[in-house]
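Observations on the model geometry
Chain residues, written in single-letter form:
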Amino acid sequence: MPFGAVLAQVGGLGRFQVLQTALLAVPILLMASHNLLQNFTAAVPPHRCRIPGGVPGPGATPSVPSATLGPPGATPDGASVASDGTSVASDGTLRSSNAILRSPDVTLGSPDGTAIPGAAHVTLDGAPGSPDGSRVQPDATLLSSNGTLGPTGATLGWSNGTLGSPDATLGSCRRYVASSLTNDSTDPRPTEPCRDGWDYDRSIYVATIVTEWDLVCSYRQLRQMAQSIYMAGVLVGALVLGGLSDRFGRKAMLMWSYLQLGVMGTCTAFAPNYASYCVFRFAGGMALSGFGLSIACLVVEWIPTPYRAVTVAITGFAYTLGQILLAGVAYAVPHWRWLQLTVSLPFFIFLLYSWWLAESARWLVLSGKAERAVKVLQRVARINKRKEEGEKITVEILKSNMKEELAGLKSSYTISDLVRTPVIRHIFFCLSIVWFSISFSYYGLAMDLQNFGVSIYLIQVIFGAVDFPAKVVVTVSLSYIGRRVSLMVALFLAGLVIIANIFVSTELQTVRTALAVIGKGCLSASFNCVFLYTTELYPTPIRQTGLGFGSTMARVGGIVAPLVKMMDEYYPFLPPAVYGVAPVVAAVAAGFLPETLNTPLPDTIEEVESRAKRKKTDDPKEKIPLQPQDKAPQKEA
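Here goes a summary of the coordinates provided. (Residues numbered from 1 in each chain as written. Predicted model: local features only at pLDDT ≥ 70, side-chain atom pairs only at ≥ 80, totals over all residues. Heavy atoms only, no water.)

1. Details of the packing of aromatic side chains
- As enumerated under the stated definition, the model contains 23 aromatic pairs in all.
- Residues Tyr258 and Phe350 carry aromatic rings whose centres are separated by 5.9 Å and whose planes lie at 55° to one another, so their mutual orientation is tilted. Linking Tyr258 in helix 6 (residues 250–269) with Phe350 in helix 10 (residues 346–353), this pair joins segments that are 92 residues apart in sequence. In this pair, the class of Tyr258 matches that of Phe350, namely buried.
- Among the aromatic side chains, those forming a connected cluster through ring pairs are Tyr258, Phe291, Phe347, Phe350 and Tyr353.
- The ring of Tyr230 has Arg281 sitting right over it, with the charged end atom 4.1 Å from the ring centre. (Phe/Tyr/Trp six-rings, centres within 6.5 Å; stacked < 30°, edge-to-face > 60°. Helix = DSSP H or I, 4+ residues; strand = E, 2+ residues; numbered from the N terminus. Buried < 20%, exposed > 50% of the residue type's maximum accessible area, 1.4 Å probe, protein only. Lys NZ or Arg CZ within 6 Å of the ring centre and 35° of its normal.)

2. Overview of the packing of helix 8 (residues 308–332) against helix 21 (residues 509–537)
- Look at helix 8 against helix 21: their axes get within 10 Å of each other, and the N-to-C directions meet at 140°. With respect to helix 21, the axis of helix 8 lies oblique. Here the hand of the crossing between helix 8 and helix 21 comes out right-handed. Taking contact as the criterion, the partners of Arg308, Ala309, Val312, Ala313, Gly316 and Gln323 in helix 8 are, on helix 21, Lys520, Asn528, Leu532 and Glu536.
- Tallied by class, residues from the contact of helix 8 with helix 21 come to 4 nonpolar, 3 polar and 3 charged. (Axes fitted to C-alpha atoms, helices over the stretch in contact; angles between N-to-C directions. Parallel < 35°, antiparallel > 145°, perpendicular 65-115°, else oblique. Left-handed = near helix turned anticlockwise from the far one by under 90°. Contact = heavy atoms within 4.5 Å. Nonpolar A, V, L, I, M, F, W, Y, C, P; charged D, E, K, R; others polar.)

3. Some thoughts on a nonpolar patch on the surface
- Together, Val472, Val476, Tyr480, Ile481, Val485, Val489, Phe492, Leu493 and Leu496 line one region of the surface with nonpolar side chains, adding up to about 840 Å² of accessible area.
- Breaking the nonpolar patch down by element, the ones donating at least two residues are helix 19 (467–480) and helix 20 (483–500).
- Considering each element in turn, the nonpolar patch owes the most residues, 5 residues, to helix 20.
- Here Val472 shows up in helix 19.
- Under the relative-accessibility criterion, Val472 is labelled partly exposed at 43%. (Patch = residues over 30% accessible without salt bridge, like charges linked within 9 Å, V, L, I, M, F, W, Y side chains within 5 Å. Areas by Shrake-Rupley, 256 points an atom, 1.4 Å probe, with all protein chains shown as cover. Salt bridge = Lys/Arg side-chain N within 4 Å of Asp/Glu carboxyl O.)

4. Some points on the pattern of salt bridges
- By the definition in use, this model includes 5 salt bridges.
- Linking Asp467 and Lys520 is a salt bridge whose minimum nitrogen-to-oxygen distance equals 3.0 Å. With Asp467 in helix 19 and Lys520 in helix 21, this residue pair connects regions lying 53 residues apart in the sequence.
- Given a relative accessible area of 0%, Asp467 falls into the buried group.
- With a closest N to O distance of 2.7 Å, Glu536 and Arg483 form a salt bridge. In this pair, Glu536 sits in helix 21 while Arg483 sits in helix 20, placing the two residues 53 residues apart along the sequence. The pair formed by Glu536 and Arg483 is uniform in burial state, with each residue classed as buried.
- Counted as one network, the salt bridges with shared partners bring together Arg250, Glu301 and Arg543.

5. Quick look at the nonpolar core
- Residues Tyr258, Phe291, Val434 and Leu487 are the most contacted members of the largest nonpolar core, which totals 107 residues.
- Element by element, the count of residues in this core is highest for helix 17 (residues 422–446), at 14 residues.
- Non-local contacts of Leu487, meaning those with residues more than four positions away in its chain, are made with Val434, Ile438, Ser526, Cys529, Val530, Tyr533 and Ala590.
- Grouped together as the second largest cluster of nonpolar side chains are 22 residues, Trp302, Leu364, Val365 and Val380 included. (Core = buried A, V, L, I, M, F, W, Y, C linked by side-chain atoms within 4.5 Å.)

6. Regarding the packing of helix 5 (residues 221–248) against helix 6
- For the pair helix 5 and helix 6, interaxial distance at closest approach is 7 Å and the crossing angle is 135°. One finds that helix 5 runs oblique with respect to helix 6. In this structure, helix 5 contributes Leu241, Leu244, Ser245, Asp246 and Phe248 to the contact, and helix 6 contributes Arg250, Ala252, Met253, Trp256 and Ser257.

In C-alpha cells form, the structure reads like this:
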C-alpha cells in the first residue's frame, strides 16, 4: 500500500490530522442548519381570513379602511367603540350595530388607546373573558358593514378549520360571502376565499416566509416547492462542484463553496420576494453540496485506514450536534430573516481559516503535481513532529512508491468513467439506489416536524439527539462487522418502523412519534455508512465524482420527498408507505456491494476491477481478516 506507507512516514494519525479534521467538522454543524432550516423559516402558524379593512396580504384586494388587527404591542390607530358595542373607525367608514372590532394593541377603546368599560374585546387566542382587552366575551359577534365576515354568533379564533356550521370559527381559507347574511333561505350559506389576505398567530413564529408572502391555502404548495428548489440546488452542486473538485482540487472547491454559501445565504436573508428567495436558496444549496463533498474527501484521504470509520463518525456527530443547535438558535432567533443570517455569516470565518488546510497529497500526486505534494507532506511531517522523516521524501521517491497508480492514470476522467467498466458500473448503480432511498425517507420524516403534535423545537432536539446512540452503534458495527452488513441492517430497520407506523392509530401520538424517531435514527446511521462506503469503493481519480453523483441521487430523493408529501391530502397512507418501502429496496441493493473492511483505498479504476476478479477466484466462504493497516495485502500490478 504505497501511499499508506508515505502517510505513516509523516505521522499517520498525528496532530495535523486531528486539527484538520476538527476544522473541517465545524462547518458541518451548520450544514444541518441549512438542510433543515425551512422547518422554522417556513413554519405555518395558525391563521384565518383577515377582517375587511385590515392590511391586505400579497395579492389581496384592499377593503374599506377600519381599525386593523395588528401585532401585540402595536399602538392604537384611533378605532373606538361606544358603550353599546357599536364600532366606529377614526375616519367613520366602518359601522355596524352588532360589530365588535379590535384595535392594534389587542384592546378596544378610544383614540387614545384606553379601554371603554362594558365593551367586548377580541384577542389572539379568541377565548372568552374579561373586558380588559385580553379576552372575547362569550356573546361576541363579528359583523362588518358589508357583511363579509360571517353570521352573527360566529366566533373569532385561531382555528385552521373551514367554515361548516353557522357558529363555526372563521376558516383559515374561506369566509362567508356578503350576500349570505341577507339571504333568508335555510340553505347553507355560500363561502368565498380570503380576499383580504390572512392574519397569523405570531405567538410562536414571529415571522416566516409563510406569513410574509402568504404561502397558505391555494399557495401552500409553494412552501414545499421552496424546499424542493433548494434540494435541486444541492443536486446541481453535487454534479458540477464534485467534478470540478477532481479537476481543480479539494481545497480550492472547499474555499469557493464557503464563499458562495456565505454570500448566497446572506442574500437570502434580504430576499425581497418569493422568487428571489428561491433563487438564492438554490445557489446556497449548490455551495452546501460542494463543501460537503470536499470535506468528505479531505478527511478520508488524509486518515489511515484503521481510523477512517471513527473519523467519519466524528464528522457525522458534528452534523447531529448541528441539528440540536438549530433548535436552540431557531428558538432564540424567531424571525426568519435574522435566523437565515445567523447560520450564513459564519461561513466567511470558515473561509478565512481554510487557507491553513492542506490539499490532498494523494490527489496532488495523481494530478501530476508531485512537487506540491512533497511540500505538503513535509509540512504535515513538521506539524506531526516528524520533520526528519518528512525531509527524506522527494519527488522521485514519491513517484516510485506510486508508480502503479500513476501508470494506470488517464489524462482526464469524466462522469462516463462511472459506467465504463463492469465493476465500477455495478457499484455505481447499487450506490445510486442506496443514496436516493436514504435521503428520500430521511427528508420525508425530518421536514414534517409540525405534524407530530408537540413543540417543533422539542421534536427537532429529539430528532437530533437520537442520532448519537444510532451513530455510536453503527460506528462499532462498521469497525468490527463490516460496511455492507451494517448498512443493510440499518436500512431494513428504518423501512420496517416507518411502515409499522401506518398501522398505528393517530390517537397514539406518542407511539407514532417514537417510531418516527427510531426510523430517523436508523436513516442517520445509514447516511454514516454510505458516506464512508462510497469513498472506499471508488478509486482516487473518480472518488469525488462518484461521491458527487451519490450526493446527486440523494438530492433527487430530497427533491421528491416533499412532493410525495403533497399526496397525503388525497391518500394519507401513501407517503409513509413509500417512505418505508424505499429503505427496504435500498437494503437489497446494498447486499450486492463488495465489503471494504480493512481494505486500503483503491487508487485506480484498474485496481478496483482486479480486486473483483481476484475475489471471484478466492474461496467464497473466506472472510476478510481484521488485520492492522501495516499488514494489509500488497496491491497487484
